[in-house]
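Geometric and topological summary
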Amino acid sequence: MLRRRTARCALLALACATLLAACGTPPGPEPVSDAARAGGSNEHGLARLRNPLEGDAAAIAAGGALFAGRACAGCHGAAGGGGMCPPLVNDAWVYGDDDTTLYHLIREGSMAMRAHGYVRGDTEKVAGDMPPFGGALSEQETWQLIAWIRANHAHAAPTEPATR
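Attention in this report is confined to the structure presented alongside it. Each chain carries its own residue numbering, running from 1 in the direction its sequence is written. With the structure being a predicted model, the display of local features is reserved for residues of pLDDT at least 70 and the display and counting of side-chain atom pairs for 80 or more, all residues being used for whole-chain, interface and lining totals. Side-chain descriptors were evaluated using all non-hydrogen atoms of the structure, hydrogens and water having been removed beforehand.

1. Looking at the overall build of the chain
Selection rule: Helix and strand assignments come from DSSP, with helices taken as H or I runs of at least 4 residues and strands as E runs of at least 2, each series counted from the N terminus. The cut-offs for exposure are 20% and 50% of the maximum accessible area for each residue type, with area from a 1.4 Å probe on protein chains only; residues under the lower value are buried, those over the upper are exposed, and the others partly exposed. Any two residues whose heavy atoms approach within 4.5 Å at even a single point are treated as in contact. Per-residue and other accessible areas follow the Shrake-Rupley method at a 1.4 Å probe size, with only the shown protein chains counted as cover for residues.
Along the backbone of the chain there are six helices and two strands. In sequence order, the chain lays out its α and β elements as α-β-β-α-α-α-α-α. Burial analysis of the chain (164 residues in total) assigns 45% to the buried set. Restricting to contacts in the chain with at least 6 residues of sequence separation, those with at least 24 account for 68%. Carbon and sulfur atoms make up 61% of the accessible area of the chain, which amounts to about 8100 Å² in all.

2. Points about the packing of helix α2 (residues 57-69) against helix α6 (residues 139-152)
The angle between the axes and the distance between the axes are what describe a pair of packed helices. For clarity, the threshold we go by: Axis geometry follows a simple rule: fit a line to the C-alpha atoms, using only the stretch in contact for helices, then measure angles between N-to-C directions, giving values from 0 to 180 degrees. Geometric relationships in this document are graded by angle, where less than 35 degrees denotes roughly parallel, more than 145 denotes roughly antiparallel, 65 to 115 denotes roughly perpendicular, and other angles denote oblique. Lys, Arg, Asp and Glu make up the charged group, whereas Ala, Val, Leu, Ile, Met, Phe, Trp, Tyr, Cys and Pro make up the nonpolar group; the residues left over, Gly among them, are polar.
Following both chains from N to C, one finds α2 and α6 inclined at 100°, their axes separated by 7 Å at the closest point. When the axes of α2 and α6 are compared, the pair comes out roughly perpendicular. Note on element contacts: α6 touches α2 through Glu141, Gln144, Leu145, Ala147, Trp148 and Ala151, opposite Ala59, Ile60, Ala62, Gly63, Gly64, Leu66 and Phe67. For the contact of α2 with α6, the per-class residue count stands at nine nonpolar, three polar and one charged.

3. Regarding empty space enclosed by the protein
The cut-off we apply is this: Within this scheme a cavity is a closed region of a 1 Å grid, computed over the protein atoms alone, that accommodates a 1.4 Å probe without allowing it to escape, whereas a pocket is open but has protein on both sides within 12 Å along at least five of seven lines; lining residues each have an atom within 4 Å of a point. Grid points are joined across faces, edges and corners, and a volume is the space filled by probe spheres set on the points.
Tallied over the full model, the rule gives one cavity of 30 Å³ or more. Approximately 450 Å³ is the volume found for the largest cavity. In terms of lining residues, the largest cavity is bounded by 30 residues, among which His76, Pro86, Leu88, Leu105 and Met130 are the most central. Breaking the lining of the largest cavity down by element, the ones donating at least two residues are α1 (2-21), α3 (72-76), α4 (99-108) and α6.

4. Observations regarding the pairing of strand β1 (residues 37-41)
Definition in use: The criterion for strand pairing is that DSSP finds at least two bridges linking the strands in question.
Judged from the two bridges that link them, β1 and strand β2 (residues 47-49) form a sheet pairing that is antiparallel. Note on β2: the bridge partner recorded for Ser41 is Ala47. Joining the antiparallel neighbours β1 and β2 is a turn of five residues, in which Gly45 adopts a positive phi near 85°.

5. Thoughts on the nonpolar core
For the record, the criterion: Only buried Ala, Val, Leu, Ile, Met, Phe, Trp, Tyr and Cys residues count toward a nonpolar core, and they belong to the same one when joined by side-chain atoms within 4.5 Å.
Ranked by internal contacts, the top residues of the largest apolar core, which has 21 residues, are Phe67, Tyr103, Trp143, Leu145 and Ile146. Secondary structure elements with two or more residues in this core: α2, α3, α4 and α6. Leu46, Val94, Met113 and Tyr118 belong to the second-largest nonpolar core, a separate cluster that totals six residues.

6. A word on the side chain of Thr100
Summarising the element assignment, Thr100 is placed in helix α4. With relative accessibility at 0%, the residue Thr100 sits in the buried group. Aside from chain neighbours lying at most four places away, what touches Thr100 is Asn42, Leu46, Ala47, Arg48 and Leu49.

7. Thoughts on α4
So the rule is basically this: Within 3.5 Å is the distance limit for a polar contact, defined as a pair of N or O atoms, with the added protein rule that one can donate a hydrogen and the other accept it, and that residues adjacent in sequence qualify only through two side-chain atoms.
For α4, the tally of buried residues reaches 10 of 10 residues, placing the bulk of the element in the interior. The set of residues buried in α4 consists of Asp99, Thr100, Thr101, Leu102, Tyr103, His104, Leu105, Ile106, Arg107 and Glu108. Those residues of α4 hidden inside the fold are in contact with β2, α5 (110-115) and α6. Its side-chain oxygen 3.2 Å from the backbone nitrogen of Thr100, Asp98 forms the N-cap of α4. Phi turns positive, to about 90°, at Gly109, one or two residues after α4.

8. A closer look at the pattern of salt bridges
How we decide: We count a salt bridge whenever a side-chain nitrogen from Lys or Arg sits within 4 Å of a carboxyl oxygen from Asp or Glu.
Counted under the stated rule, the structure contains four salt bridges. A salt bridge links Arg70 to Glu141, with the nearest nitrogen and oxygen atoms 3.5 Å apart. In this pair, Arg70 is assigned in the loop between α2 and α3 and Glu141 in helix α6, connecting sequence segments 71 residues apart. Its relative accessible area of 33% is what places Arg70 among the partly exposed residues. Counted as one network, the salt bridges with shared partners bring together Glu54, Asp99 and Arg150.

Structural data, given as structure tokens:
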């Protein structure tokens, strides 16, 4: 059962990556608006970010609509509880739960996260990679999705590592 689910997730990730590549997904970190900059860099050299839409009811609703209307729900489950890919509502974050990590994971995908030096946590055994959605989502939409994830997560506050 696990092998079948892993294979389906890998195939879906490959299909998504192929489709998104046609959208012109940027090859690396792209400029982020000043409103999202938190100052400094994280341990992976990425500019530290904070969600400028955190707690905004309209942004949370828009993020929920994006989650349901894009490929998100197909992999992560209708309410973010998991499926072929990890749940978004528990405390097992594959790469981390801070805004910087979530933003770049959504925009660049998990292969780019590993290229930045992130190590996949072993608490979630889903083997498929997350494709990059940077070419399919705007910065605003990415923050809306993160606001929705936080609003639906049991422990909504991100855990920011200490500034270097």
